[in-house]
Amino acid sequence: MVVATSEGEWVHCGRVFSAAEIAEVCGTVAWLPGLARKELAATVCEHLGWTTLTGTAKISACLEFLERLQAAGLLTLPAIRPSSARRCAPPAAPVDTVTGELPVHCALSALAPVCLEVVRDAALVAQWDALVARWHPLGFQGAFGYRLRYFITAGDRRLGSVLLAGAARAVAVRDRWIGWTAQARRENLARVVNNSRFLIFPHVRVPHLASHVLGQLARRARADWLDHWGFEPLLLETFVDPRHYTGTCYRAAGWQLLGATSGRGLARPGQSYRSTPRQVWLKPLSADCRDRLCATPGSSRP
């Protein structure tokens, strides 16, 4: 979202740009008319130091920002260059051959040790995506930005899937619980991670399996995320639809129910949406997570 303030500042994707920075961006675009838009965005990111927590330039966000500045009449971007034809991706492995859908009905103690297996291999990612798209009530159309997939396994059997992804930008009850300022939220939101998909496969009936997995996830998330993305998360969040679920497994795993979402929000600038309010559950990953999430450069907090 881009917002222009009365002082000439702009806010885009959580970052505030001063009038001087906007002038610098416009000057850079005018100075380099021969660059492709992506190269231009990379240059702007470098000049502004606009990066993720891992140091990667925020090129997609910058491209959107430049287009909005152009729409406001502040600059003129080079014409979009035709892209080369994409190669067709190899077909994903058939879902039925991934699990065999053999029933698993037993006590948790009867299973081999239950583990969370990080999914990185492209072929396994395709299998994970197909399984979640097929069996999760919300379906699945892909994950973008920060994300981490897991298979839930017991020996050579796959029992389910988990996805960690970027946090919701603003949730009133969560933000009050954390107590952060708008600036702290912009700077530290990446350290809140959303458990956006949690699926036990429908042919698996194992009492207490879900809460067991959620407990293991809370113990592993910091190290796994650090290994994969280069920084540690401090808080897990998830949203539960009370029309279908009560959140029992989250409660059993020690997550905290804060309240509910408002059911209102912005899908994109100028376009609002309404939905059924969702329960908001949180799981701190460190005892001082709130202090650390509230900290900003120059803050007195640790």
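Residues numbered from 1 in each chain as written. Predicted model: local features only at pLDDT ≥ 70, side-chain atom pairs only at ≥ 80, totals over all residues. Heavy atoms only, no water.

Trainee: How do you make sense of the overall build of the protein when you look at a structure like this?
Mentor: When you go through the protein residue by residue, the secondary structure sums to ten helices and 14 strands. Across the 302 residues that make up the protein, the buried fraction comes to 41%. In the structure as shown, the protein presents an accessible area of about 16300 Å², 53% of it carried by carbon and sulfur atoms. (Helix = DSSP H or I, 4+ residues; strand = E, 2+ residues; numbered from the N terminus. Buried < 20%, exposed > 50% of the residue type's maximum accessible area, 1.4 Å probe, protein only. Areas by Shrake-Rupley, 256 points an atom, 1.4 Å probe, with all protein chains shown as cover.)

Trainee: When you look at the nonpolar core in this model, what are you seeing that I'm missing?
Mentor: For soluble globular proteins, nonpolar side chains are generally found buried alongside one another. Judged by nonpolar contacts, the single largest core of 45 residues is most densely connected at Y150, I152, L159, V162, L164, F198 and V213. Contributions of two or more residues to this core are made by β5 (114-119), α5 (122-135), β6 (147-154), β7 (157-166), β8 (192-200), α8 (209-229) and β10 (235-240). Here this core gets eight residues from one element, more than from any other, and that element is α8. When neighbours within four sequence positions are excluded, V213 is seen to be in contact with V114, L116, I152, V162 and F198. (Core = buried A, V, L, I, M, F, W, Y, C linked by side-chain atoms within 4.5 Å. Contact = heavy atoms within 4.5 Å.)

Trainee: Looking at this structure, how should I read the packing of aromatic side chains?
Mentor: The geometry of an aromatic ring pair comes down to the distance between the two centres and the angle between the two planes. Counted by the stated rule, this structure contains twelve aromatic pairs. Aromatic pair W128 and F140: ring centres 5.2 Å apart, planes at 75 degrees, arrangement edge-to-face. With W128 in helix α5 and F140 in the loop between α5 and β6, this residue pair connects regions lying twelve residues apart in the sequence. In this pair, the class of W128 matches that of F140, namely buried. An aromatic cluster is built from Y146, W225, W229 and F231, whose rings are joined through pairwise contacts. (Phe/Tyr/Trp six-rings, centres within 6.5 Å; stacked < 30°, edge-to-face > 60°.)

Trainee: Help me out: how do you make sense of the environment of L111 in this one?
Mentor: Its place among the elements puts L111 in the loop between β4 (104-105) and β5. Through-space distance from the C-alpha of L111 to that of V206 is 9.0 Å; in sequence the pair is 95 residues apart.

Trainee: Teacher, can you tell me more about unusual backbone geometry here?
Mentor: Leaving glycine out, the prevailing phi sign among residues is negative, and the prevailing peptide bond configuration is trans. Despite not being glycine, H208 has its phi angle at roughly 70 degrees, a positive value. Structurally, the position occupied by H208 is in the loop between β9 (204-205) and α8.

Trainee: Even after reading the chapter, I still don't get the sheet that holds β8, so can you show me in this structure?
Mentor: Where strands meet in a sheet, backbone hydrogen bonds hold them as pairs that are either parallel or antiparallel. Reading across the sheet, the seven strands line up as β5-β6-β7-β8-β10-β14-β11 and stay open at both edges, with mixed pairing between neighbours. One side of each edge strand has no neighbouring strand; the edge strands of this open sheet are β5 and β11 (256-260). In this sheet, adjacent strand axes meet at a mean angle of 30 degrees when their direction is disregarded. Judged from the eight bridges that link them, β6 and β7 form a sheet pairing that is antiparallel. Directly across from R149, in β7, lies its bridge partner L163. Strands β5, β6, β7 and β8 of the sheet are contacted by α5, whose axis makes an angle of about 80 degrees with β6. (Pairing = 2+ DSSP bridges. Axes fitted to C-alpha atoms, helices over the stretch in contact; angles between N-to-C directions.)

Trainee: Would you explain the environment of G160 in this entry?
Mentor: Among the structural elements, G160 can be located in strand β7. Separated by 50 residues in sequence, G160 and A210 place their C-alpha atoms 9.4 Å apart. Not counting residues within four places of it along the chain, the set of residues in contact with G160 comprises Y150, F151, I152, L199, I200 and F201.

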